Amino acid sequence: LGLRGQAERIAGDTDAALADLEEAVRISPMRAGLLWKLGETLRSVGRYEEALLRIRQAAAVSPFNPVIQSTLGLTLANLDRAEEGLKPSARACELSHSQPLCAGYAIALLRTGHTQQAGEVYHSAAALTEDSDGMYNLACYMALTGNRSEAIRLLRRAVDLGDVDSYIGRDPDLATLRGDPGFDAIVAEVSGRLRPRKP
């Protein structure tokens, strides 16, 4: 149920994802991964208060999981508590030393007006081992700073590395790229990859 729910969320079928993940959590209420998947799915559809509850539960079960800490920071930011979200975002970067979560921390710093520190964390994240989620978050950072061409270059790299998620077309961090032919082509490519193939 958990794996199916996650796949359904990535493909954009959030109703099915929520049904499967809620059932999975009902069966196994102390599994941090399931709580996180449910929280992340709730967050993706704007149900932030419910998402926060599930993410806090996941963090209580697994306090040293960097992905859960990162999602906690993101969810707090969604609730206009971005300054409060800096602590779990920093912890996620510290625990993981990974490009995606450290780039996420750079975005959190940028959103809260800590621009100098954000730039420093961004450059440190860019030097870490490259992966699709990391490139995506670096692209989001560049889009937020207004550097459209660099954002699209990084986004292209993210997709080439395998980042294929329906959220790309509606991610508010990438709003400044909408209408750009390079961005629209990437969104169309991702949509094409997610579309079920005919037998």
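Our subject in this report is the structure included herewith. Along each chain, numbering runs from 1 in the same order as the chain's sequence is written. Given that the model is predicted, a residue must reach a pLDDT of at least 70 before its local features are reported, and side-chain atom pairs must reach 80 or more before they are shown or counted; all residues, however, enter totals for whole chains, interfaces and linings. To get the side-chain values, take all heavy atoms of the structure and skip hydrogens and water.

Quick notes on the overall build of the protein chain
Numbered from the N terminus, helices here are DSSP runs of H or I no shorter than four residues, and strands are runs of E no shorter than two. Scanning the protein chain from terminus to terminus reveals 11 helices and zero strands. Its helices and strands taken in sequence order, the protein chain reads α-α-α-α-α-α-α-α-α-α-α from the N to the C terminus. C-alpha atoms define the radius of gyration in this analysis, and the globule rule sets the expected value at 2.2 Å times the number of residues to the power 0.38. What you see for the protein chain is a C-alpha radius of gyration of 16 Å, in line with the 16 Å of a compact globule of 199 residues. Viewed in the frame of its principal axes, the protein chain has a C-alpha envelope of about 45 × 45 × 30 Å. Taking all 199 residues of the protein chain together, the buried fraction comes to 46%. Two residues qualify as a contact provided that any one of their heavy atoms is within 4.5 Å of a heavy atom in the partner residue. Of the contacts formed within the protein chain by residues at least 6 apart in sequence, a portion of 53% connects residues at least 24 apart. Residue burial considers only the protein chains on display, and all accessible areas are found by Shrake-Rupley using a 1.4 Å probe. If you sum the accessible surface of the protein chain, you get close to 9900 Å²; carbon and sulfur atoms cover 53% of it. Type-normalised accessible area, obtained with a 1.4 Å probe on protein chains alone, sets the label of each residue: buried when under 20%, exposed when over 50%, and partly exposed for intermediate values.

Focus on the nonpolar core
Nonpolar cores were defined as sets of buried Ala, Val, Leu, Ile, Met, Phe, Trp, Tyr and Cys residues, with membership established by side-chain atoms within 4.5 Å. Counting 35 residues, the largest nonpolar core has Tyr141, Leu155, Ile168, Leu174, Leu177 and Phe183 as the members making the most contacts within it. Of all elements in the fold, only helix 6 (82–96), helix 7 (99–111), helix 8 (115–126), helix 9 (132–145), helix 10 (148–160) and helix 11 (181–194) reach the threshold of two or more residues within this core. When near neighbours in sequence (up to four residues on either side) are disregarded, Phe183 contacts Ile152, Leu155, Ile168, Leu174, Leu177 and Arg178. Within the second largest apolar cluster, 19 residues are counted, among which are Leu21, Ala58, Ile68 and Leu72.

What to know about the packing of aromatic side chains
Paired rings are identified among Phe, Tyr and Trp, the last through its six-membered ring, by centres lying within 6.5 Å, and are further divided according to the angle between planes into stacked (under 30 degrees), edge-to-face (over 60) and tilted (the rest). Here the structure, examined in full by the defined rule, presents one aromatic pair. On the basis of an interplanar angle of 20 degrees and a centroid distance of 4.5 Å, the ring pair of Tyr122 and Tyr141 is categorised as stacked. In this pair, Tyr122 is assigned in helix 8 and Tyr141 in helix 9, connecting sequence segments 19 residues apart. By relative accessible area, which is 6% here, Tyr122 ends up buried. Residue Tyr141 is classed as buried on the basis of its relative accessible area of 6%.

A few points about the pattern of salt bridges
Between Lys or Arg on one side and Asp or Glu on the other, a salt bridge is scored when a side-chain nitrogen of the former is within 4 Å of a carboxyl oxygen of the latter. Counted by the stated rule, this structure contains 13 salt bridges. Close ionic contact of Glu23 with Arg26 constitutes a salt bridge, the shortest N to O distance being 2.8 Å. A residue pair is termed a helical-turn pair when its members lie 3 or 4 positions apart in one helix, as Glu23 and Arg26 do in helix 2 (residues 14–27) at three residues. Taking relative accessible area as the criterion, Glu23 reaches 31% and is therefore assigned partly exposed. The partner of Glu40 in a salt bridge is Arg43, with the nearest N and O atoms 3.0 Å apart. With Glu40 and Arg43 both in helix 3 (residues 32–44) and three residues apart, the pair spans about one turn of that helix. The network of salt bridges with shared partners includes Arg4, Glu8 and Asp20.

Concerning the environment of Phe64
Relative to the helices and strands, Phe64 is located in the loop between helix 4 (48–61) and helix 5 (66–78). Judged by its relative accessible area of 60%, Phe64 falls in the exposed class. Taking C-alpha positions, Phe64 is 20 Å from Asp133, a pair spaced 69 residues apart along the chain. Once residues within four sequence positions are removed from consideration, Phe64 is found in contact with Arg91 and Leu95.

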